[in-house]
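# Survey of secondary and tertiary structure
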Amino acid sequence: MATLFQENGIKELSKGTHGVVVNHGMTTHGVPNHMVPDHEYCEAGKPEQPPQQCLETPDATVQQAPMEEEEEETPEIDIMINNVVCSFSVKCHLNLREIALNGVNVEFRRENGMVTMKLRRPYTTASIWSSGRVTCTGATSEDQAKIAARRYARALQKLGFQVRFRNFRVVNVLGTCRMPFGIRIIAFSKKYKEAE
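Residues numbered from 1 in each chain as written. Predicted model: local features only at pLDDT ≥ 70, side-chain atom pairs only at ≥ 80, totals over all residues. Heavy atoms only, no water.

The following threshold applies: UniProt positions are given in the numbering used here, feature names are shortened, and annotations may be inferred rather than shown by experiment.
The protein chain goes by TATA box-binding protein-like 1 in an unreviewed UniProt entry, where it is assigned to Euphydryas editha. Looking at the protein chain in UniProt, the text filed under Subcellular location (unreviewed entry) is "Nucleus". Looking at the protein chain in UniProt, the text filed under Sequence similarities (unreviewed entry) is "Belongs to the TBP family."

## A short note on the pattern of salt bridges
Our working rule: Salt bridge, as used here: a side-chain nitrogen of Lys or Arg that lies within 4 Å of a carboxyl oxygen of Asp or Glu. Partly exposed describes any residue whose relative accessible area lies between the buried limit of under 20% and the exposed limit of over 50%, with all areas from a 1.4 Å probe on protein chains only and scaled to the type maximum.
Following the criterion strictly, the structure yields one salt bridge and no others. In this structure, Glu107 engages Arg109 in a salt bridge whose closest nitrogen and oxygen atoms are separated by 3.7 Å. A relative accessible area of 40% places Glu107 in the partly exposed class. Residue Arg109 is classed as partly exposed on the basis of its relative accessible area of 30%.

## Some points on the sheet that holds strand 8 (residues 166-177)
This is how it is decided: Strands are labelled as partners when DSSP assigns at least two bridges between them. Put simply, DSSP H or I for four residues or longer makes a helix, DSSP E for two residues or longer makes a strand, and each gets a number counted from the N terminus. Each axis is a line fitted through C-alpha atoms, and for a helix only the stretch in contact is used; angles between axes span 0 to 180 degrees, taken between their N-to-C directions.
Spatial ordering of the open sheet is given by 4-5-6-7-3-8, a layout of six strands whose pairing is antiparallel. Of all strands in the sheet, those bounded by a partner on one side alone are strand 4 (106-109) and strand 8. Strand-to-strand twist in this sheet, taken as the mean axis angle between neighbours without regard to direction, amounts to 20 degrees. Sheet topology note: the strand 3 (residues 79-89)/strand 7 (residues 133-139) ladder contains five bridges and is antiparallel. Across the sheet, Val84 pairs through a bridge with Ala139, a residue of strand 7.

## Examining the pairing of strand 6 (residues 124-129)
The pairing of strand 5 (residues 114-119) with strand 6 spans six bridges and is classified as antiparallel. The residue bridging Met117 from the neighbouring strand is Ala126, located in strand 6. Taken together, strand 5 and the strand that follows it, strand 6, pair antiparallel across an intervening segment of four residues. Sheet topology places strand 6 next to strand 7; four bridges connect them, and they run antiparallel. Residue pairing across strands places Ala126 opposite Cys136, the latter belonging to strand 7. Between the end of strand 6 and the start of strand 7, which pair antiparallel, lie three residues, with Gly132 showing a positive phi angle near 100 degrees.

Here it is in structure tokens:
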């Protein structure tokens, strides 16, 4: 049913009027005439065109079904990278006692035969062995891991060692995600247990 827009509200049109809209300085969409180009909205005093009805055909329903299936695909899963572990070599023997005495943010772990060193930016921890092998953990991307590794190598160089940054590689990446469904762990472990 056609309606008439007035300044004080909406009033139904009688059957005698043929959808003519009386315009009091406003377009049929409620926007003043001086603000809206004429080609975008209906002009005042022109009868409204009845909406065109689409005829449903069997082909149209068939074409809509695949579109709905595509929209109902599985939702995307956001994977958050929490930890990137990398290792590299400095190609020289390292005196762990000297690193522990003169280094900054260093902890000497004699029982493990290594020194741990920490950085604030990026927030990482390095395990340093006397053979010159260094493992770095705590980065959240490969670029961050490489920056941290080079900073550890520079710190060792400043302590007086003949450091050469070699054999950098990402060893492990830990990521977490939230699944859009619950996981029945007992049934899952029974179905996908390792072959003996």
